[in-house]
Amino acid sequence: MKHQLETDILIVGGGPAGIQASRMLSDSDDNLKVFVVRPEDFSMVYCAIPYAIEGLIPLEKTFKKDALVTETGTELIRGSVESVNVDDHMVALNDGRKIAYKKLLITTGASPFRPPISGIDAANVFTVKTEADTRRILEQFDKRFGADGEKTQKAVVVGAGAIGIEQALAYRANGLEVHLIEMQDHLLPQMVDADMTGDITEKLIETGVQLHLETMLEALEGDDRISRVHLSGNKSIDLNPEIDFVIISVGMSPDIAFLDKAGFDRVNDGLVVDKHMKTSAQDVWAAGDCVSFNSGIDGAPLGGKLATNAVPMAKVAAGSMLGKDVSYPGFFNGAVTVVGNLRIGGTGFTENVARSRGMDVYTSNGATSARFPIMPDAGSIIVKLVIEKGSDRLVGAQVLGTEAVAERIDLLTFAMQRGATIADLSELSYSAQPWQTFFPARNAIVEASSKALMRR
Ligand SMILES: Cc1cc2nc3c(=O)[nH]c(=O)nc-3n(C[C@H](O)[C@H](O)[C@H](O)COP(=O)(O)OP(=O)(O)OC[C@H]3O[C@@H](n4cnc5c(N)ncnc54)[C@H](O)[C@@H]3O)c2cc1C
C-alpha cells in the first residue's frame, strides 16, 4: 500500500517516556526497528519553562536535541497519530501515512485541564505546556510597551500547585501585578500539609504575588478577551483586556482522544495498564502521563503526572516489550519547588491525603539548622513525617528548608519504597560537614523518627 511504513516497535509520543523507551529498545538489539512519532519540532524540558518566561534562560535552551532519540538508531517521524487499529496492528497519521507495527507503545502524555467555565476559550486565557504556549505568553510582555511607555500589566494565575507558583514567580520577575488563586486553604495542597506552608507563603507574598486562598474561579467575563475575573465570595479582578491575561494551572488530562474508537480500557485519568504497563489491547503498552496508575503505598488509584514517574514507567514498558519480567511499583510522587531561597518538597501522602484515603496516621516533626549553626548563612530545615498507626510505616514526608531539600525528599521516598518504619529511620546513618549538613548530633530525619518512637 502507498504511504505505508512498517516497524517492529512504534512509540507514539516524544516526551520523557517516549525518549526513555526508545533508547532502551534501540540499545537492546541493533536489528530491532524502532520508530518514534511526535508532532512537535522540539521535545521540551517543560520544567524549565518558568525560567525561560522569567528570562533566566533563552527558550531555545528548553528544547531537547533530536539526537536523544536518533543516536541509538531510532527513526524519528514527524506527525500525529489520528487513530489506532489494534486488530490490524496499524496506526494512521494525520498526513495520510499508515504505520504497521508488531508492538506499540503509547506515551502521548497529558495536556493542561481547562475547566468548563464561561470565558475559558477567550484569547487572553492560557495554559502552559508547549512551545506555542510559552511563545504566546512571552509575546504578552511586548504589549506592555505602548507609545506612551510601559503600562502596568496583570496576570491572574489559577492553581497554586508547583506549576502555578513557578508561573506566578516568573510573571513577578517580569514586573507584572500577579494574582494567584487557590481554592484550598494553602499553597501546594497536593504536595504538603498547611502546617508546612507558613514560611513559603510569607516568602511568596514578599515577592509581591497577591495570594487568594480558599477562593474559586467562578467565571471569566469578556468578549474575545477577558476583562474581569469572577471569584467566589463576590470578589473580582478587573483586567485590561488588551494586555492582561489569565493562566489556568489546575491539573492535567491524558491525551488519549485519538484512541476513542480503539476500545482500550480507560478511566478519566488515563489508559488502564497492568503492572507491566500493558494495556487491554494485544501488543500495546502505555507509559507516562497518558496512563492511570496506583499509589506505591496503598495500591489504590492516584494521580501522578510527573516526569519522575513517566521515565521509570517507560523503563518498565520497554523491559516488558522485550519480554523481561519487570513491573512498576506505583507512584510515590516525590516533588519539590522553590520560592526565593526557600525550598519545599513532599513525597508519599500528606497527612490530609492519607486520612482522606482511610489511613490512620500520626505525624512527627524534626527541625534543625541546614548547616552547622556556627557557619555563615546557616538556614533551617524542617522535616515532617506521616506515619501509619500500628505498622509505624512511613507513608509520607515533607521537607522545608534553605538547602538540600530534594535530596532529603529522595531519601525519604526510597525509605517508603523499601517499606521503612520509624525505627528504621531512627537508625539512619548519615554524614556531617559544617558547610553541607546538620550538626552531627542532630539530623532532622533521625530527630523526627526518634521523637515519634518515644511518643508512640
Ligand atoms: C510547565 C510544566 C512544568 C513541569 N515541571 C515538572 C517538574 O518540575 N518535575 C516533574 O517531575 N514533572 C514536571 N512536569 C510534568 C512532566 O513534564 C510530565 O510528567 C512529563 O513530561 C510526562 O512525560 P510523557 O512522556 O508521559 O508525556 P509528554 O512529555 O507530555 O510527551 C507526550 C508526547 O506525545 C506527543 N503526542 C501527543 N499526542 C500525540 C499523537 N496523537 N500522536 C503523536 N504524538 C502525540 C506529544 O506531542 C509529546 O511529544 C511539568 C510539566 C509542565 C507542563
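*Asks:* Can you help me understand the overall build of the chain in this one?
*Replies:* Across its full length, the chain holds 11 helices and 28 strands. The C-alpha atoms of the chain give 24 Å as radius of gyration, which agrees with the globular expectation for 456 residues (23 Å, within 12%). Projecting the C-alpha coordinates of the chain onto the three principal axes gives extents of approximately 75 × 65 × 40 Å. Here the chain, with 456 residues, has 43% of them falling under the buried criterion. The contacts of the chain with a sequence gap of at least 6 include a subset with a gap of at least 24, amounting to 65%.

*Asks:* When you look at the sheet that holds strand β12 (residues 177-181) in this model, what are you seeing that I'm missing?
*Replies:* Hydrogen bonds along the backbone pair up the strands of a sheet, which may run parallel or antiparallel. The strand order β8-β17-β11-β12-β13 describes an open sheet built from five strands, whose pairing is parallel. On the outer flanks of this sheet lie β8 (125-126) and β13 (210-212), each paired with one strand and no other. Pairing geometry for β8 and strand β17 (residues 245-248), over two bridges, is parallel. Counterpart to Val125 in the pairing with β17 is Val246.

*Asks:* How should I be thinking about the sheet that holds strand β27 (residues 380-388) in this particular structure?
*Replies:* If you trace the five strands from one edge of the open sheet to the other, you get β24-β25-β28-β27-β26, paired in antiparallel fashion. Edge positions in the sheet fall to β24 (335-339) and β26 (361-369), since each has one partner strand and no second. The average angle at which neighbouring strand axes cross in this sheet is 15°, direction not considered. In this sheet, strand β25 (residues 342-348) lies alongside β24 in antiparallel orientation, the contact comprising five bridges. Among the inter-strand pairings, Ala335 is bridged to a residue of β25, identified as Gly346. This element, helix α6 (residues 198-206), spans β24, β25 and β28 (394-401) of the sheet and lies at about 135° to β25. Across the sheet, helix α9 (residues 405-417) lies against β24, β25, β27 and β28, angled at about 10° from β25, the strand it touches most.

*Asks:* Any chance you could explain the nonpolar core here in plain terms?
*Replies:* Side chains of a nonpolar character, in soluble globular proteins, are inclined to be buried together. Grouped together as the largest cluster of nonpolar side chains are 121 residues, with contacts concentrated most on Leu105, Ala287 and Ala317. Residues within four places of Leu105 in sequence aside, it is in contact with Ile9, Ile11, Ala21, Trp285, Ala286, Ala287, Ala317 and Met321.

*Asks:* Mind showing me how you'd approach the pairing of β17 here?
*Replies:* Across the two faces of β17 the burial is the same, with Phe245 and Ile247 and Val246 and Ile248 all buried. Bridge count between strand β11 (residues 154-158) and β17: four bridges; the pairing is parallel. Looking across to β17, one finds that Val158 is bridged to Ile248.

*Asks:* Quick question: what am I supposed to make of the environment of Ala219 here?
*Replies:* Tracing the sequence through the fold places Ala219 in strand β14 (residues 217-222). For Ala219 and His230, which are 11 residues apart along the polypeptide, the C-alpha to C-alpha distance reads 5.0 Å. The contacts of Ala219, once residues within four sequence positions are left out, are Ile117, Ser118, Gly119 and His230.

*Asks:* What's the story with the site of the ligand in this structure? I'm lost.
*Replies:* With respect to spatial proximity, 33 residues lie near the ligand, and among them Gly13, Gly15, Ala17, Gly109 and Gly288 are the closest. Of all the elements in the fold, those that place two or more residues in the shell around the ligand are α1 (16-28), β2 (34-38) and α7 (307-321). Taken together, the residues that form the shell around the ligand break down as 16 nonpolar, 11 polar and six charged. Built from parts of two domains, the shell around the ligand gets at least three residues from each of domain 1 (4-111 + 253-321) and domain 2 (125-250).

*Asks:* Which parts of the structure should I look at to understand the domain arrangement of the chain?
*Replies:* Reports of interface size often rely on the accessible area that becomes lost once the parts have come together. If you check the domain split of the chain, you get domain 1 (4-111 + 253-321), domain 2 (125-250) and domain 3 (341-455). Computed over C-alpha atoms only, the centres of domain 2 and domain 3 are separated by 32 Å. At the junction of the two partners, domain 2 supplies eight residues and domain 3 supplies nine residues. In terms of residue class, the side of domain 2 that touches domain 3 is built from five nonpolar, no polar and three charged.

*Asks:* Help me understand the environment of Ser83 in this model?
*Replies:* Its location among the elements puts Ser83 in strand β4 (residues 81-85). Taking C-alpha positions, Ser83 is 37 Å from Leu188, a pair spaced 105 residues apart along the chain. With residues near it in sequence (within four places) discarded, Ser83 still touches Val91, Ala92, Phe258, Lys261 and Ala262.

*Asks:* How should I be thinking about unusual backbone geometry in this particular structure?
*Replies:* Excluding glycine, residues mostly have negative phi values, and the peptide bonds linking residues are mostly trans. Backbone geometry at Asp377 places phi at a positive 55°, although glycine is not the residue there. Mapping Asp377 onto the fold places it in the loop between β26 and β27. Even without glycine at this site, Ala404 takes up a positive phi of about 50°. Assignment of secondary structure puts Ala404 in the loop between β28 and α9. Judged by C-beta crowding, with 17 C-beta atoms within 10 Å, Ala404 ranks as partly exposed.

*Asks:* So what exactly am I meant to see when it comes to the packing of α1 against α7 here?
*Replies:* Two measures define how a pair of helices packs: the angle their axes make with one another and the distance between the axes. Viewed as axis vectors pointing N to C, α1 and α7 meet at an angle of 35°, and their least axial separation amounts to 8 Å. The two elements α1 and α7 cross, and the hand of that crossing is right-handed. Within the contact between the two elements, α1 uses Pro16, Ala17, Gln20, Ala21, Met24 and Leu25 and α7 uses Ala307, Ala310, Val311, Met313, Ala314, Lys315, Ala317, Ala318 and Met321. In terms of residue class, the contact of α1 with α7 is made up of 13 nonpolar, one polar and one charged.

Cut-off values and rules
Residues numbered from 1 in each chain as written. Predicted model: local features only at pLDDT ≥ 70, side-chain atom pairs only at ≥ 80, totals over all residues. Helix = DSSP H or I, 4+ residues; strand = E, 2+ residues; numbered from the N terminus. Rg over C-alpha atoms; globule rule 2.2 N^0.38 Å. Buried ≥ 20, exposed ≤ 12 C-beta atoms within 10 Å, placed from the backbone. Contact = placed C-beta atoms within 7 Å. Pairing = 2+ DSSP bridges. Axes fitted to C-alpha atoms, helices over the stretch in contact; angles between N-to-C directions. Core = buried A, V, L, I, M, F, W, Y, C linked by C-beta atoms within 7 Å. Near = placed C-beta within 6 Å. Nonpolar A, V, L, I, M, F, W, Y, C, P; charged D, E, K, R; others polar. Domains from an automatic or database assignment. Left-handed = near helix turned anticlockwise from the far one by under 90°.

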